[in-house]
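# Architecture and fold: a report
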Amino acid sequence: RYRDILRVYLRTATAASVVVDVGANDGRAYYEFSIGEGKTFIGIDVSHLLLSEFVRRISDQTALQADGICLPLKTASVDFLFCTETLEHLSDPAQALREFSRVLSPGGRLMIQSPNAHRIRNLNPFHITALAVSLVSDRVLQKKIVHENTWHNAVTYHWDFSVQDYRRMARSAGLRVLELSSRQFFFPQFLLSGRPGTVKKKEKLIGAIPLLSMFGDDLVMVAAAGEKETS
């Protein structure tokens, strides 16, 4: 996931001076993958414990404790914002997208990675048929609010997002979608065994098959902010 973010970030790195990670955890994107290195990097998370580790590892950058729905950042102040495996835990994802759009500068880039409602969970023919239809209309999908891996007594949100969800939320937030794709393919581990280069070739091959290219575990959106209105 971080390598995918790095790929998009490097396309905009020269123009980006402020980089924000919403759901920053301990700052791994910065200290391990150099995303935001040499820039103003701001890590946002709700966990004080994780942000303490962020500060310990990256003492010269900024850590903010906040929810993604209400960011303590100025309007049009961010050039590149990414949010990986976090949007699905927020109570109002659409409002979060509007907030992300608010803080992005004109032309700024946003990248989201979250669970894919189109992912293949089993090989039941009815399920496979519904997934094929879902690329046209997501009304046939049985989206989850609580994920199958979430403890039943946990107080948490865990949304699955469809391509249509992303497009609707982006449109409502005034964002222009540049890329929609899926990642983390559903194939058994033995099919992905081998050296990293072999895995990369297999993923490239699988991704080239139109029928399968949108059915991975994660849904990824890259979007651009439009011009801000002036009063």
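Please read all numbers here as calculations on a predicted model, not as lab measurements.

Thresholds, definitions, all that
- Residues numbered from 1 in each chain as written.
- Predicted model: local features only at pLDDT ≥ 70, side-chain atom pairs only at ≥ 80, totals over all residues.
- Heavy atoms only, no water.
- Salt bridge = Lys/Arg side-chain N within 4 Å of Asp/Glu carboxyl O.
- Helix = DSSP H or I, 4+ residues; strand = E, 2+ residues; numbered from the N terminus.
- Buried < 20%, exposed > 50% of the residue type's maximum accessible area, 1.4 Å probe, protein only.
- Phe/Tyr/Trp six-rings, centres within 6.5 Å; stacked < 30°, edge-to-face > 60°.
- Pairing = 2+ DSSP bridges.
- Axes fitted to C-alpha atoms, helices over the stretch in contact; angles between N-to-C directions.

So, on to the pattern of salt bridges. Where side chains of opposite charge bring their charged atoms close, a pairing between them can arise. All chains considered together, the criterion is met by 15 salt bridges. With a shortest N-O distance of 3.1 Å, R1 and E85 are connected by a salt bridge. Of this pair, R1 sits in the segment before α1 (2–12) while E85 sits in the loop between β4 (78–84) and α4 (93–103); the two residues are 84 residues apart in sequence, bridging distant segments of the chain. With relative accessibility at 43%, the residue R1 sits in the partly exposed group. When the shortest N-O distance is used, the salt bridge between R57 and D26 registers 3.7 Å. Of this pair, R57 sits in helix α3 (residues 48–57) while D26 sits in the loop between β1 (18–22) and α2 (28–31); the two residues are 31 residues apart in sequence, bridging distant segments of the chain. Beyond isolated ion pairs, a larger network of salt bridges with shared partners links D4, R7, R11, E179 and R183.

Before going further, it helps to spend a moment on the packing of aromatic side chains. Evaluation of the coordinates by the stated rule reveals 6 aromatic pairs. One aromatic cluster is present, built from ring pairs that chain together Y9, F80 and F82.

A few words now on the sheet that holds strand β6 (residues 175–183). Taken in spatial order, the 7 strands line up as β3-β2-β1-β4-β5-β7-β6 in an open sheet, and their pairing is mixed. Of all strands in the sheet, those bounded by a partner on one side alone are β3 (62–65) and β6. If you compare each strand with its neighbour and ignore which way they point, the axes differ by 15 degrees on average. Across 8 bridges, β6 lies against strand β7 (residues 218–225) in antiparallel orientation. Bridging across to β7, S181 finds its partner in V220.

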